[in-house]
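Here are the chains, one letter per residue:
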Amino acid sequence: ITRGRYRRAIHTGLDLNPQQTPGLAGESYLTDYITNQLVNEYGAERVRRGGLRIFTTLDAKMQTQATQAIIGTLGHKGDPAGSIVSIDPKTGEIRAMAIAQKGKHIAYDLPVNGHRQAGSTFKMFALTAAVERKINPYSTKYLSAPFLESDGTRIQTYEHTYSGRIPLTQATLLSDNTVYARLTLDVGPKPVADLAHSMGIQSTLKPVPTIGLGVNAVSPLDLATAYATLADGGV
């Protein structure tokens with residue numbers, strides 16, 4: 001072709017209209033996560049050959065809303081990255097798996113591989129283990145007061161305020177560390193760890209005396225899966 005036709009050609013668009021799925025474009029960690037699931041199911045060679053048609057349970061609108069919710073909450077410079085995992089309790093299907101940080105693109109799969117201490121979210125497993133042992137949260141009272149664990153760890157509340165003997169229901173509303181540390185010792189750290197695993201936690205859990213206070217690191221996907229089990233009545 002002539003030099004003139006060449007110049008015109010490289011400056012002319014191809015008139016393509018790619019149908020980008022809103023909320024999913026550029027989120028490489030999601031593609032990596034789905035690809036890993038396929039490799040586990042069908043093998044790396046089959047996935048590399050291609051030709052597969054993949055239908056996910058992700059909802060593009062919910063994915064976008066989840067990302068916006070993170071930025072809306074952690075919207076200041078210097079705020080940490082956040083993650084949201086949304087699961088349909090009736091089916092276990094993942095509807096949204098978002099991660100975001102103000103002003104930064106994050107390719108790391110934080111929802112699946114990002115492990116952080118669970119903190120007070122893990123008290124639910126100690127309470128569920130207690131209910132399984134026929135401990136009534138409404139009538140069973142525990143002492144809300146600081147104390148020392150056998151290893152010398154001092155257990156206290158975040159606000160350093162205490163309520164004396166209170167029902168487990170009130171201790172749950174107050175997120176009282178001292179009550180839940182005592183409850184964990186009574187129920188047993190290993191039964192709490194075993195129950196958490198049976199409800200969907202796949203992260204390694206050390207059955208230490210403070211397991212009920214969330215000292216173990218778990219992923220957002222783990223927590224969402226376990227809480228979905230509770231929301232579906234234990235299924």
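Refer to the preceding data block for the structure.
Predicted, not measured: the structure shown is a model, and the values here were computed from it.

Chemist: I'd like a description of the overall build of the chain, backed by residues and values.
Modeler: When helices and strands are counted, the chain shows 10 helices and eight strands. Taking 235 residues into account, the globule formula puts the C-alpha radius of gyration at 18 Å, and the chain, at 24 Å, lies well above it. If one aligns the C-alpha atoms of the chain with their principal axes, the spans along those axes are about 90 × 40 × 30 Å. The buried share of the chain, taken over its 235 residues, is 37%. Long-range contacts, defined here as pairs at least 24 residues apart, represent 63% of the contacts in the chain between residues at least 6 apart. Charge centroids of the chain, computed over 24 positive and 19 negative side chains, lie 8 Å from each other.

Chemist: Please provide a residue-by-residue account of the packing of helix α6 (residues 123-132) against helix α8 (residues 177-187), values included.
Modeler: Between α6 and α8, the least distance of the axes is 10 Å, while the angle of their chain directions is 45°. Between α6 and α8, the angle is such that the two are oblique. Here α6 runs over α8; the crossing is left-handed. Between α6, through Lys-123, Ala-126, Leu-127, Ala-129 and Ala-130, and α8, the contact on the second element is made entirely by Asn-177, Tyr-180, Leu-183, Thr-184 and Val-187. Per-class residue counts for the contact of α6 with α8 are seven nonpolar, two polar and one charged.

Chemist: Explain the environment of Asp-232 residue by residue, including any values.
Modeler: Within the element layout of this structure, Asp-232 appears in the segment after α10 (220-231). Through-space distance from the C-alpha of Asp-232 to that of Asp-88 is 9.3 Å; in sequence the pair is 144 residues apart.

Chemist: An account of a positive patch on the surface is requested, with residue identities and associated values reported.
Modeler: Among the surface-exposed residues, Arg-3, Arg-5, Arg-7 and Arg-8 lie close enough to one another that they form a single positively charged patch. Within the element layout of this structure, Arg-7 appears in helix α1 (residues 3-10).

Chemist: Give me a nonpolar patch on the surface: which residues, what numbers.
Modeler: A cluster of nonpolar residues, Ile-1, Tyr-6 and Ile-10, forms a patch on the protein surface that exposes about 380 Å² of accessible area. With respect to the helices, strands and loops of the structure, Tyr-6 is situated in helix α1.

Chemist: Could you give me a rundown of unusual backbone geometry, with the residues and numbers involved?
Modeler: For His-160, which is not a glycine, the phi torsion comes out positive at approximately 60°. Residue position: His-160 is located in the loop between β6 (154-155) and β7 (164-167). The residue Ser-175 is not glycine, and still its phi comes out positive at about 50°. As for its placement among the helices and strands, Ser-175 is situated in the loop between α7 (168-174) and α8. Taking the relative accessible area as the measure of exposure, Ser-175 reaches 29% and is therefore partly exposed.

Chemist: Residue-level account of the pattern of salt bridges, with values.
Modeler: All chains considered together, the criterion is met by five salt bridges. For Asp-88, the salt bridge identified is with Arg-95, shortest N-O distance 3.9 Å. Under the relative-accessibility criterion, Arg-95 is labelled partly exposed at 25%. Here Asp-194 and Lys-190 are joined by a salt bridge, their closest N and O atoms 2.9 Å apart.

Rules used in this analysis
Residues numbered from 1 in each chain as written. Predicted model: local features only at pLDDT ≥ 70, side-chain atom pairs only at ≥ 80, totals over all residues. Heavy atoms only, no water. Helix = DSSP H or I, 4+ residues; strand = E, 2+ residues; numbered from the N terminus. Rg over C-alpha atoms; globule rule 2.2 N^0.38 Å. Buried < 20%, exposed > 50% of the residue type's maximum accessible area, 1.4 Å probe, protein only. Contact = heavy atoms within 4.5 Å. Lys, Arg positive; Asp, Glu negative; His and termini not counted. Charge placed at Lys NZ, Arg CZ, Asp CG, Glu CD. Axes fitted to C-alpha atoms, helices over the stretch in contact; angles between N-to-C directions. Parallel < 35°, antiparallel > 145°, perpendicular 65-115°, else oblique. Left-handed = near helix turned anticlockwise from the far one by under 90°. Nonpolar A, V, L, I, M, F, W, Y, C, P; charged D, E, K, R; others polar. Patch = residues over 30% accessible without salt bridge, like charges linked within 9 Å, V, L, I, M, F, W, Y side chains within 5 Å. Areas by Shrake-Rupley, 256 points an atom, 1.4 Å probe, with all protein chains shown as cover. Salt bridge = Lys/Arg side-chain N within 4 Å of Asp/Glu carboxyl O.

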